[in-house]
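# Structural characterization, general
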Amino acid sequence: MRLRSGVFASSCLLVEALGVALFLRGFFPLPVRSLPRREARGDPPAEPAPPGPGMVSNWTEIPSPLFKKVVIVLIDALRDDFVFGSKGKQFMPYTTQVVEKGTSYSFIAEVKPPTVTMPRIKALMTGSVPGFIDVIVNLNSPALLDDNLIWQAKTAGKRIIFYGDDTWVKLFPKHFVEYDGTTSFFVSDFTEVDDNVTRHLDRVLKREDWDLLILHYLGLDHIGHVTGPNSPLVGPKLREMDNILKKIHISLLSKEEASLPNLLVVCGDHGMSETGSHGGSSEGEVHTPLLFISSAFEKRSGPLAQPELVQQTDLASTLAVGLGLPISRNSVGNLILPVVGGKTMREQLRFVHLNGFQLSKLLQENTPAYEKDPGYEHFKIAEKSHGNWIKLYLEGNNSEILLNLGKKVLKQYLEALKTLSSSLSKQVAQYDMYSMMVGTVIIMEVLLLLLLSIPKALSSQAEFEVPLSPPLFSLLFYLMCLMLCAVHIIVCTSAESLCYFCSMSWLTAVGVMMLISALMCGILSAIAKIFENSRLPLKNPVVSSSSWSEIDVLILAGTIGHVLSLGASSFIEEEHQTWYFLINTLCLALCQELCRNNFLLKESDPQHSTTGKQNFDSIGEASEYKNIDIPAAGNLKLGKATSSAEFIKGSDKWISLASPWIILICCRLLRSLNQTGVQWAHRPDFGHWLTSSEHIAELSFLAAVSLLTIFFLVQRRCSLVSKIAMALGLLGVYSYRAAIGNVIFPWQHDSKDISKGITEARFVYVFVLGIVFTGTKDLLKSQVISADSSVKSTGLWEVYNGLVLLAALLFRPHNLPVLVFCLLIQTMMTRYIWRPLKFDAARITVMHYWFGQAFFYFQGNSNGIATVDVSAGFVGLESYVEIPAIFLTAFATYSGPLLWAIHLLCYLSSEVSRLKAQLVVLPGTMLV
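Residues numbered from 1 in each chain as written. Predicted model: local features only at pLDDT ≥ 70, side-chain atom pairs only at ≥ 80, totals over all residues. Heavy atoms only, no water.

## Considering the overall build of the chain
Per the secondary structure count, the chain includes 38 helices and 10 strands. Residue burial in the chain is summarised as follows: out of 928 residues, 52% are buried. Taking the contacts inside the chain whose residues are at least 6 apart along the sequence as the reference set, 77% of them involve residues at least 24 apart. Counting only carbon and sulfur atoms, one obtains 63% of the accessible surface of the chain, whose full area is about 43300 Å². (Helix = DSSP H or I, 4+ residues; strand = E, 2+ residues; numbered from the N terminus. Buried < 20%, exposed > 50% of the residue type's maximum accessible area, 1.4 Å probe, protein only. Contact = heavy atoms within 4.5 Å. Areas by Shrake-Rupley, 256 points an atom, 1.4 Å probe, with all protein chains shown as cover.)

So this is what it looks like as structure tokens:
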């Protein structure tokens, strides 16, 4: 059976999507889970039974609350150094005073990736460790059905009030007696999003009809996204938060009763990277302050020690004990002991026993061999020692022995809790290996099949033969199906096998096995066809005996090497290094090729002559001009290709020779602009130097020069109207950045008049749409009215220029040189490398792909979500609009690869039109 190339490519794409989906389903770890929420509330465990007959503990209930009212102030993206560092002392004086000399306990909470808001709220309220799949649902958070602190509080009759990020309202619907949610995605809003929270404070602090108040402030996070952690806007925002904390603390102290004190908790959901974003695992993103402030604590004295490191998941267990609630069944957190350290020894032992019992129960439900776990063994030993302590206590022993034994038991419990929590947290990293392996096999088979069929797929008239009839492959097909089904049965019937692929119906699983077998038969058939063709007699030995050039070997080896490197996590984290190495090596190989063609290639070189004719003939076959006498044109082209003296004339020859070295210099400069990856992302770079407030004049000058250079590089391909639109649009880009305070005009001496720049950004959008519309009109004209390829080429270049203007608007000012060098390298490669060397479409396509990937990392991106510039999605928007925000964010993130991909289309279209124009005017051509 034969398939057209388009049908074959579409089928491969669908099968590839199936393999990727199956791999991702196995890759995202399954979270540790306990009973459903409706079954979570049960009788609490009693104290360990003391040894000996007739002795029973009389404490079987959940301990009473330790605090009357609890206020949680969650400041989004609050880094630990914003409170404990120099910025905290400068901008948060009241908080610093309470931390150093007040009745408080200070900790640094360690956050587990992904460091985005919704998974972190889950971790804070459930004590569990969310997986990376939660990043996907972060944009539209569903209701949280797991056992959590909010549900436990509501079930116990606690009255909860919430103001702030509406993610809480989506996660906990109908749990708050009063709430006011604000969207968290409109990052250009620094003030109103916090004012909507603070405006309720005076009224609610005077009331007595609530037990738990939660405030989630977003302004600091938004400032980080737009301007970074070193922005001059960070200080005033921290001072604003300090005043709010002061107001809340004073109000709680004034309303305390003799029976129970109140508690103020200050924390962050995640931190902030050096670029102001979050989502990754850098130190600034995973360390947040955690403060417990209450009159129940002892007043601090002496020098302040370094805050102790705790886990963010520990907050859920600690607050549950403080509010007199059961600990969430899915929690892997430990009780933060200093918070309850003022209670009696029996109460402290009761608290840690409840925590240990909950963790051991969760371990039993998720680990078959839980009895062999060190944490479980330690907990049983501590529980036995606890029983001995209770025996002494019930006997009325109040000696020093009882106190020392209590401290020993407490230490045993804490060690057991730490080990249990570690064991449970590690289970989050367990993957469904079987589903991942099946998905990987499908992906690799499709990629290999595409690789073997590339020569045929490049032709628009190509057909691919699918081997269905040969008996050999039919026998092989059935044998492979039987073998794979046997493997599937063995894996899925094993006692410890729990995987998604095994949960599928047998009919679906057999279908997947048949697909894998069919793909393998197709691969073997393609390989056999290649060997069969290699044994056929050669009609043109000169052409066939030509060997691959260094460029071909580099392209093949580099592509295969990059694919193999993705098998190691360290290479994925530092993938930018692979692309930097490949494009640098490519530039050196191009330099060698240019030197050979300029100085070493002789006119009489038969191999080069035949290769030139072969490349041209392949282009002629793909041409739509079927009525042109191609051989005549081919002979003329052959004469030009073999003339090395006329290869490049005049100064263009030396510019061509210098082009690879200029490109190398540009790439080296771009590498210094943005540090990326994981290991060295924290190191300072030129971008950090430019974005600091002390160098705004230098940044303004660089942005202005970059915008002028962009206009110079793109104006030659624009019509007169588009040139005017491009010039005004680039002026609007600078005006937008000046309006939001990133750059300044020469006559501007301060940045007091900072706005959202909505008018300026929309001014640019008008010109972007105008240029893109002009190009789209030409494209439609070339398809509907006339078949003139030059009109089509002009339309593509217009669309490309419009997208360049959009990228200039969305890029941060210090990244504008990335766009400049992108256009410069494309221009140099087109004029001085690709055309003189007469590379075919396949080589040029691979080079575009390589440079596109490199420019993705030149922008400062990485394979972690922390480098995604969310602020680009809100340029010109007054409020959060989902579709435009997603489109703008995606375009800004992937603008490097997109611009290179669109440039490939424009270049190939231009070359086809240029070739057709030459063929029409060639003497000796004959129109039929």
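Moving on from the coordinates now.
## Notes on helix 31 (residues 696–714)
In this model, helix 31 (19 residues) spans 27 Å end to end at C-alpha, consistent with the 27 Å of a helix rising 1.5 Å per residue. Taken together, the buried positions of helix 31 are occupied by L699, S700, A703, S706, L707, I710, L713 and V714. For helix 31, the buried positions fall inside an angular range of 160° around the axis, keeping them on one side. Along helix 31, the residues that are exposed and aim more than 90 degrees away from the buried face are F701, L708 and F712. (Expected span 1.5 Å × (residues − 1). Arc of directions from axis to C-beta.)

## Considering the sheet that holds strand 3 (residues 104–110)
Read from one edge of the open sheet, 8 strands run 5-4-6-2-7-8-3-9, paired in mixed fashion. The open sheet terminates on both sides in strands that have one partner only, identified here as strand 5 (178–182) and strand 9 (308–311). Looking at each pair of strands side by side, their axes are set apart by 20° on average, direction ignored. Of the pairings in the sheet, the one linking strand 4 (residues 160–165) to strand 5 comprises 5 bridges and is parallel in character. Pairing of D165 across the sheet is with T182, part of strand 5. (Pairing = 2+ DSSP bridges. Axes fitted to C-alpha atoms, helices over the stretch in contact; angles between N-to-C directions.)

## Observations concerning the packing of helix 32 (residues 720–739) against helix 33 (residues 758–784)
Packed helices, taken two at a time, are described by the angle their axes make and the gap between the axes. Remark: helix 32 packs on helix 33, axes separated minimally by 8 Å, with the N-to-C direction vectors making an angle of 155°. For the element pair helix 32 / helix 33, the angle class is roughly antiparallel. The two elements helix 32 and helix 33 meet at a crossing, and its hand is left-handed. Of the residues in helix 33, those in contact with S722, A725, M726, L728, G729, G732, V733, S735, Y736 and A739 of helix 32 are E760, A761, F763, V764, F767, I771 and T774. (Parallel < 35°, antiparallel > 145°, perpendicular 65-115°, else oblique. Left-handed = near helix turned anticlockwise from the far one by under 90°.)

## Details of helix 14 (residues 314–322)
Burial runs high along helix 14: 9 of the 9 residues are buried. When helix 14 is considered as a whole, its buried residues turn out to be D314, L315, A316, S317, T318, L319, A320, V321 and G322. Two residues or fewer after helix 14 comes G324, characterised by a positive phi angle close to 70°.

## Let's talk about the environment of S317
Residue position: S317 is located in helix 14. Its relative accessible area of 0% is what places S317 among the buried residues. With 18 residues separating them in the primary sequence, S317 and L335 have C-alpha atoms 5.5 Å apart. Leave out the neighbours within four places in its chain, and S317 touches I327, S331, G333, N334, L335 and N355.

## Looking at the pairing of strand 4
By the criterion of burial, strand 4 is predominantly enclosed, with 6 of the 6 residues buried. Two strands pair when backbone bridges link them, and strand 4 and strand 6 (residues 212–217) are joined in this way by 4 bridges, in the parallel orientation. Considered in strand 6, the bridge of I160 is made with L212.

## What to know about the packing of aromatic side chains
For the structure shown, the criterion picks out 25 aromatic pairs. With centroids separated by 5.5 Å and ring planes inclined at 65°, the aromatic side chains of Y434 and F501 adopt a geometry described as edge-to-face. Of the two residues, Y434 is situated in helix 18 (residues 433–452) and F501 in helix 21 (residues 500–503); the sequence distance between them amounts to 67 residues. Neither Y434 nor F501 differs from the other in exposure class; each is buried. Each residue in the set Y580, F851, F855, F858 and W900 is aromatic and connected to the rest through ring pairs, giving one cluster. (Phe/Tyr/Trp six-rings, centres within 6.5 Å; stacked < 30°, edge-to-face > 60°.)

## Regarding a nonpolar patch on the surface
Among the surface-exposed residues, L448, L451, W548, V553, L556, I560 and L564 lie close enough to one another that they form a single nonpolar patch of about 680 Å² accessible area. Breaking the nonpolar patch down by element, the ones donating at least two residues are helix 18 and helix 24 (550–565). Per-element tally for the nonpolar patch: the top contributor is helix 24, with 4 residues. Looking at the secondary structure, you find I560 in helix 24. (Patch = residues over 30% accessible without salt bridge, like charges linked within 9 Å, V, L, I, M, F, W, Y side chains within 5 Å. Salt bridge = Lys/Arg side-chain N within 4 Å of Asp/Glu carboxyl O.)

## Details of the side chain of Q412
Here Q412 shows up in helix 17 (residues 400–426). A polar contact of 3.1 Å, which involves the side chain of Q412, links it to the side chain of S385. Every residue in contact with Q412, bar those within four places of it in the chain, is listed here: I381, A382 and S385. (Polar contact = N/O pair within 3.5 Å; in protein donor to acceptor, adjacent residues only side chain to side chain.)

## Some details on the packing of helix 15 (residues 345–366) against helix 17
Packing of helix 15 against helix 17 brings their axes to within 9 Å, and their N-to-C directions diverge by 25°. Compared by their axis directions, helix 15 and helix 17 come out roughly parallel. Regarding helix 15 and helix 17, the two cross each other, and that crossing is left-handed. Residues M345, Q348, L349, V352, H353, N355, G356, L359, S360, L362 and L363 of helix 15 form the contact with helix 17, whose participating residues are L403, G406, K407, V409, L410, Y413, L414, L417, L420, S421, S423 and L424.

## So, the environment of T493
Relative to the elements of secondary structure, T493 occurs in the loop between helix 20 (471–492) and helix 21. Only 3.4 Å separates the side chain of T493 from the backbone oxygen of I490, close enough to count as a polar contact.

## Some words on unusual backbone geometry
Put simply, P113 and P114 share a cis peptide bond, and its omega is 5°. Of note in this structure, K174 is not a glycine but carries a positive phi near 65°. Tracing the chain through its elements places K174 in the loop between helix 8 (167–171) and strand 5. Even without being glycine, K838 reaches a positive phi, approximately 55°. The exposure class of K838 is partly exposed, given its relative accessible area of 32%.

## Let's talk about the state of the cysteines
Using the criterion set out here, one finds 1 disulfide in the structure. Distance from the sulfur of C485, which forms no disulfide, to the nearest cysteine sulfur (C481) is 6.3 Å. Here C587 is not cross-linked by a disulfide; its sulfur's nearest cysteine counterpart is in C667, at 5.5 Å. Judged by its relative accessible area of 1%, C587 falls in the buried class. (Disulfide = S-S within 2.5 Å.)

## Here we look at the side chain of S692
Tracing the chain through its elements places S692 in the loop between helix 30 (686–691) and helix 31. For S692, a relative accessible area of 16% puts it in the buried group. Among the polar contacts listed, one links the side chain of S692 to the side chain of H695, at a separation of 2.7 Å.

## Notes on the pattern of salt bridges
As enumerated under the stated definition, the model contains 20 salt bridges in all. Across the pair K237 and E240 runs a salt bridge whose closest N-O atoms are separated by 3.0 Å. Residue K237 and its partner E240 are located together in helix 12 (residues 234–254), separated by 3 residues, close to a single helical turn. K237 sits in the buried class, given a relative accessible area of 4%. Salt-bridge contacts for D552 lead to R843; the nearest nitrogen and oxygen are separated by 2.8 Å. Highlighted residues: D552 in helix 24 and R843 in helix 36 (residues 841–858), separated in sequence by 291 residues. A single network of salt bridges, built from pairs that share partners, joins E178, R203, R207 and D209.

## Quick word on the confidence of the model for the chain
Averaged over every residue, the pLDDT of the chain is 82; residues scoring 70 or more account for 83%. Within the chain, the lowest mean pLDDT, 38, falls on helix 28 (residues 630–641), and the highest, 97, falls on strand 2 (residues 70–75). Taken as a whole, residues 457–461 scores under 50 in pLDDT and shows 7 contacts with residues more than four places along the chain or in a different chain. pLDDT under 50 marks residues 541–546. Its contacts with residues more than four places away, or in other chains, come to 5 contacts. (pLDDT = per-residue confidence, 0-100.)

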